[in-house]
Amino acid sequence: MIQQARLTGTVKDAGGAPISGASISIKGTKAGTSTDNNGQFSLTLPADGNAILVIKHLGHISREMPLSTNQTSIQITLQNSEETLDEVVVIGYGEVKKRDLTGSVVSVKGEDLTKVPVTTPAEALQGRVPGADITRNNGYAGQGASVQLRGNRSIANPESSNNVLYIVDGIQGVAAQDIDPNDIQSIEVLKDASSTAIYGSRGANGVILITTKRGANEKPRLNYNAYAGISHVAGYGEFMTGQEYVDFRREAYRAVGTWNSPADDNKILNPLQLQAFQNGQFTNWSDLLLHNGFQQNHQISVSGGGKNTKVYFSGAYFQEKGLLKMDEYKRYSGRLNIDQTINSWMNVGLQSQFAYIDNDIRRDPLNQASKIAPLGLPYDENGQLNLFPLQGTLINPLADEQADAYKRNTKSNRATVSGYIELKPVKDLSIKSTFGAIFSTSEAGNFYSKNTIDGKGSRSQASITNNQDRNISWENVITYNKQFGDHALQLTGVTSYLSWTNTNSFAGGNNQLFPSQYYYNIGGANQNPFYGSGYVESKLLSFSGRANYSYKGKYLLTLTGRNDGSSKLAKGHKWAFFPSAAAAWRLVDEDFMKNQKIFSDLKLRVSYGVSGNDVISPYATQNSVIVQNFSFNDANAANAYVINGLIGNNTLKWELTKTMNLGVDFGLFNNVLTGSIDYYNAKTNDLIFPYTLPLSTGVTTVNRNIGRTQNKGIELSLTSHNIQKKSFSWNTNLTFAHNNEKIVALPNGNVIADDYRESLIIGQPAQIYYDYKKIGIWQLGEEEQAAQYGAEPGDIKIADMNNDGKIDAFDRTIIGQRVPKWTAGLSNDLRFKGFDLNILLVARVGQWISSDYYAKYKRNGLENGARIDYWTPENPTNDYPRPNANKNSNYVTTLTERQASYVKIRNITLGYNFPSALISKWKLQSLRIYASGKNLHTFSSLKDFDPEGEGVIDQPLNRLFVFGLNVGF
């Protein structure tokens, strides 16, 4: 028998840095592998010993290297490529070379995603994709990041109607937060209408394509990735201490003549409060509630395969304990990808993902802690909780943490399974059919005893809710590729069927007999039972086609059309056609550019297309009835049915967005500097908008196609290879995006709402603050002028915008926009021998917030609040009004609005790759250890809290420090 030889080697760049993810194959065979994080690989050679290696990697010149007889090791150096454009980029229902892209697409490879520890794919994109506004506004355990591409288009339900579409291995609707980032091969972000048009209405707000790892024709490879660390609160506002709180109450009562000296403290404090104050018994309630958190992630994967079968398998465990007790998120996930070659014209495969989530969710106690008096002790001398400290009216914020007092938990099971068959009956023709199913179930239980924040010392409640989601997709793709002379043509046709079904049921009641049973025995909650169930279903049927044409590789054209039919829209308006066209000119390939030395790449792009959005819930085109209880003459209530206040509209149709995109891709000085610039202009019309009806109609609202919005802006991406030496390299990546979104038209002009956050003004973004303008505090000496406005020194001074001598609703004005004017990211990657360092900064500039923290001001002194600078005759500040026991906090919203721009050190990671000569003795292929800090520091004019969290009291953001390792066997 002939012994097959084993070849090992290392691939490095011109500067001597290892190249991760380079593909190594044997020419003329299907045998191949890829390099690990240390640039190392291992490959079985043919039995005859003759082989030519083919080495490829994005950004480097591909090489072919013949092997000598009996050669068992090799060192390979790849030079930076003058043409870094042969890398394949995933697009909708296909792939193209980067050089042939006509749309605005950003590709991020898996090795870049896992340079730093992240919990979700969206978080890994932060600072890397121009035009992507990625934030984490919620600090609870397991909460992911939100993503918006190129601003808001829709103004109905802005929290959900502007969401991007995630597609995982071709399947829509997969829960992207369930994917371990170590399982990802690449992420492509499609932004303009040309690149998203193949998804029609589903791609109206941009598309994120996630491609997971597959097996390869190589010896099985085992990888283990793990990290663990602690977190603590990042920038949480301070509240008044016991002394400060008493001083505040003193001032509130001094303003009305009740308090004149400490001898009058018994007039403003009850006996127990006074005793606690005199004894120095002060409590910082938020300090008792906030603790260090903990986060860990473990992922193990196996990949490999033979000539016809390739398998990738992984399992992962993620746990996060939040900053509050009873706030914990645990995710168990698994993935199995199989690709099988049946014969030369048939391939089949399976992609599957499973996740089990166990999530303990804490009811917010911090809002309570910010209000309750900081006097007295949380426990008595026997260690028992003081339920209502010092005979106050607010319950102890620690009440929920007592035994059998509170439990809220959601358990979810999510499974995604898809199978495909791909046929290649003739040359250049491929037919692929993919059937996918997503099954999701969740059980959400909630219990609180009477002695909790929700129970308020009155009664307990137990409830449970069950949800089942069943999503089915069936897509068929036919692709024809033909090269003839200088011409290249790719034709793609797609049929798509998508179905979403949800069923739910809930039950509950008060007075759970045995608190230890929580919500597991709903029958034990024998008072005020409530129950219900629901069913929701919608479908989308689509037909689309695309033609990609190339002449001499430098004149590129893409034409796309898609016809979508949505069951959610009105009869006669369910279908819409979404066309797009894009062209590109590879200017650098022209003869007149051959002798110039500046541009190593230069391509001009232009695209225009139409996309749609059906941003309503199913059945919104129909009228419905709701149950309402009536009683007469004190008799028992009877059920009656009345028309729902939101009535149906049988003419409701698609929102339409028309987008123009101009772009240029370039490389300078042999691609030492590469980048792209895009300008876009997106106009949305036929907005689906909740239109308010006159009260005389007997109903309140109807969804109508009215109004227009516009988003336009510029995006920039730059990558610089600053230093490329044998033992040291330094690369920088910069992203920048400026977006200007505004309402262009509304049916009856501006919509002025009572809520300062919901007014719609033509020419402004849909999300603004329209409020009174605080210009200071009325001061001593201004009594006469203040009296004209019904105020006195110490009150908030509001701008009289129309100069009519009074303050009323007509004096409200635009305070600021709630969306950023521009965003940016700056990433630096440095390598020195075995060490690697990544530093990521992000910026979000121009947005305003309305902070809960700054709203914690009760002028009458009945509650504690934020530690702020308030007016007194001795302290004539212009920040906060004077405490006053007889006055409410009028115009309190004007105190909360702040400009909240920030630059943040999002992450610093320092790693070390052990040399192969050392780890080979340990039977390892690669070993890297690292330390990482996340959300390390924020540069902002706001010093009281992390501005990314918008000053929300109950959900503070965290700062995370972890240690991790990556091991390859």
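See the structure above.
The following paragraphs examine the structure supplied in this document. (Residues numbered from 1 in each chain as written. Predicted model: local features only at pLDDT ≥ 70, side-chain atom pairs only at ≥ 80, totals over all residues. Heavy atoms only, no water.)

Quick look at the overall build of the chain
Rule in force here: Strands here are runs of E lasting at least two residues and helices are runs of H or I lasting at least four, both read from the DSSP assignment and numbered beginning at the N terminus. Radius of gyration: over C-alpha atoms. The globule rule applied is 2.2 Å multiplied by the number of residues raised to the 0.38 power. Per-residue accessibility, obtained with a 1.4 Å probe over protein chains only, is compared with the maximum for each type, and a residue is labelled buried under 20%, exposed over 50%, and partly exposed between these values.
Secondary structure summary: the chain contains 13 helices and 49 strands in total. Over its C-alpha trace the chain gives a radius of gyration of 32 Å, about what one expects of a compact globule, namely 30 Å for 969 residues. Summarising its shape, the C-alpha atoms of the chain cover approximately 100 × 65 × 65 Å along the three principal directions. A buried classification covers 53% of the 969 residues belonging to the chain.

Section: the sheet that holds strand E36 (residues 701-705)
Applied cut-off: In this scheme, strands are said to pair when DSSP sees at least two bridges between them.
Pairing is mixed in the open sheet, where three strands are placed in the order E32-E36-E35. Looking at strand neighbours, the two that pair on one side only are strand E32 (646-647) and strand E35 (688-692), the edges of this open sheet. Pairing of E32 with E36, which is carried by two bridges, proceeds in the parallel orientation. Paired with Leu646 across the bridge in E36 is Thr701.

Re the environment of Ile706
What counts, and what does not: Between two residues, a contact is recorded if the distance between any of their heavy atoms is within 4.5 Å.
Inspection of the secondary structure assignment puts Ile706 in the loop between E36 and strand E37 (708-724). Assessed through its relative accessible area of 10%, Ile706 is described here as buried. Considered as a pair, Ile706 and Tyr691 are 15 residues apart in the sequence and their alpha carbons are 8.6 Å apart. Setting aside its immediate chain neighbours within four residues, Ile706 contacts Asp686, Leu687, Phe689, Tyr691 and Pro747.

Regarding the packing of aromatic side chains
The test is simple: Only centres within 6.5 Å qualify two rings of Phe, Tyr or Trp (six-membered ring in Trp) as a pair; their planes then separate them into stacked at under 30 degrees, edge-to-face at over 60, and tilted for everything else. Lysine and arginine charges are scored as sitting over a ring when NZ or CZ, respectively, is within 6 Å of the ring centre and within 35 degrees of the ring normal.
In the structure shown here, the tally under the stated rule is 25 aromatic pairs. With a centroid separation of 5.0 Å and an interplanar angle of 40 degrees, the aromatic rings of Tyr317 and Tyr332 are classed as tilted. Residue Tyr317 is found in strand E19 (residues 309-321), and its partner Tyr332 is found in strand E20 (residues 328-343); the two are separated by 15 residues along the sequence. Looking at Tyr332, the relative accessible area reads 37%, which means it is partly exposed. Members of the aromatic cluster, each reached through a chain of ring pairs, are Tyr236, Phe239, Tyr853, Tyr854 and Phe945. A cation sits over an aromatic face here: Lys407 above Tyr518, 5.7 Å from the ring centre. For the cation-ring pair, Lys904 lies above Tyr902, with the distance from its terminal atom to the ring centre recorded as 5.2 Å.

Quick look at helix H7 (residues 271-278)
Note the following rule: The directions considered for the arc are those from the helix axis to the C-beta atoms. In protein, a polar contact requires one atom able to donate a hydrogen and another able to accept it; more generally it is a pair of N or O atoms within 3.5 Å, and residues adjacent in sequence count only if both atoms are side-chain atoms.
Of the residues making up H7, those classed as buried are Gln273, Leu274, Ala276 and Phe277. Down the axis of H7, the buried set is contained in an arc of 160 degrees. They therefore lie on one face. Along H7, the residues that are exposed and aim more than 90 degrees away from the buried face are Pro271 and Gln278. Check the buried side of H7 and you find it contacts helix H5 (242-254) and helix H6 (265-268). The backbone nitrogen of Leu272 lies 3.0 Å from a side-chain oxygen of the residue at the head of H7, namely Asn270.

Considerations on the nonpolar core
We count it as follows: We define a nonpolar core as any set of buried Ala, Val, Leu, Ile, Met, Phe, Trp, Tyr and Cys residues linked to one another through side-chain atoms lying within 4.5 Å.
Of all hydrophobic cores here, the largest spans 45 residues; its most connected members are Leu366, Leu375, Tyr853, Tyr857 and Tyr880. Of all elements in the fold, only H5, H7, helix H8 (285-289), helix H9 (366-371), strand E41 (796-798) and helix H11 (852-855) reach the threshold of two or more residues within this core. In terms of residue count, the dominant contributor to this core is H5 (five residues). Contacts of Leu375, omitting those with residues within four sequence positions, involve Gly242, Tyr245, Val246, Leu269, Gln273, Ala276, Phe277, Gln281, Phe282 and Leu390. By size, the runner-up hydrophobic cluster in this structure holds 26 residues, among which are Val108, Ala124, Val164 and Ala176.

Things to note about the sheet that holds strand E4 (residues 40-44)
What counts, and what does not: Helix axes are fitted to C-alpha atoms over the stretch in contact, other axes to C-alpha atoms as well, and angles between N-to-C directions run from 0 to 180 degrees.
With mixed pairing, the three strands of this open sheet are ordered in space as E4-E1-E7. At either margin of the open sheet sits one strand with a lone partner, and together these are E4 and strand E7 (73-78). Shown here is a sheet whose adjacent strand axes are inclined to one another by a mean of 25 degrees, direction ignored. As judged from the six bridges shared by strand E1 (residues 6-13) and E7, these two strands associate in the parallel manner. When the bridges of E7 are listed, Lys12 appears paired with Thr77.

Notes on unusual backbone geometry
Its identity as a non-glycine residue notwithstanding, Asp686 has a phi of 55 degrees, on the positive side. Tracing the backbone through its elements, the reader meets Asp686 in the loop between strand E34 (673-685) and E35. Despite not being glycine, Lys833 has its phi angle at roughly 50 degrees, a positive value. Its location among the elements puts Lys833 in the loop between strand E43 (822-832) and strand E44 (835-845). When its relative accessible area of 62% is taken as the criterion, Lys833 is described as exposed.

Details of the side chain of Thr479
Assignment of secondary structure puts Thr479 in strand E24 (residues 461-484). Overall, the relative accessible area of 15% leaves Thr479 in the buried class. Aside from chain neighbours lying at most four places away, what touches Thr479 is Asp428, Leu429, Ser430, Gln490, Leu491 and Thr492.

With respect to the pattern of salt bridges
What counts here: A pairing counts as a salt bridge when a side-chain nitrogen of Lys or Arg comes within 4 Å of a carboxyl oxygen of Asp or Glu.
Scanning the model with the defined rule gives 42 salt bridges in all. Close ionic contact of Arg254 with Glu874 constitutes a salt bridge, the shortest N to O distance being 2.9 Å. With Arg254 in helix H5 and Glu874 in the loop between H11 and helix H12 (893-896), this pair connects stretches of sequence that are 620 residues apart. Given a relative accessible area of 26%, Arg254 falls into the partly exposed group. Notably, a salt bridge pairs Asp264 with Lys267, separated by 3.4 Å at the nearest N-O pair. The exposure class assigned to Lys267 is exposed, which follows from its relative accessible area of 53%. Via salt bridges that share partners, Glu251, Arg254, Glu874 and Arg882 belong to a single interconnected network.

Focus: the side chain of Asp339
Among the secondary structure elements, Asp339 is positioned in strand E20. Given the relative accessible area of 15%, Asp339 is considered buried. A polar atom in the side chain of Asp339 sits 2.8 Å from the side chain of Arg214. Not counting residues up to four positions away in its chain, the partners in contact with Asp339 are Arg214, Asn308, Thr309, Lys310, Val348, Gly349 and Tyr420.

Side note on the environment of Asp804
In this structure, Asp804 sits in the loop between E41 and strand E42 (813-817). In the structure, Asp804 is positioned 448 residues away from Tyr356 in sequence and 62 Å away in space, judged by C-alpha atoms. Of the polar contacts made by the side chain of Asp804, one reaches the backbone nitrogen of Lys806; its length is 3.2 Å.

With respect to the pairing of strand E2 (residues 23-26)
It is a general feature of regular strands that their side chains alternate between the two faces of the sheet. Here E2 shows one buried face, formed by Ile24 and Ile26, and one open face, formed by Ser23 and Ser25. Bridge count between E2 and strand E3 (residues 32-34): three bridges; the pairing is antiparallel. Looking at E3, one finds that Ser25 is bridged to Gly32. Between E2 and E3, which pair antiparallel in sequence order, lie five residues; one of them, Gly28, sits at a positive phi of approximately 85 degrees.

Thoughts on H5
Test applied: The length a helix should cover is 1.5 Å for every residue beyond the first.
The end-to-end C-alpha separation of H5 is 18 Å, in line with the 18 Å expected for 13 residues at 1.5 Å each. Of all the positions in H5, only Gly242, Tyr245, Val246, Phe248, Arg249, Arg250, Glu251, Ala252 and Tyr253 are classed as buried. Elements that come into contact with the buried residues of H5 comprise H6 and H7.

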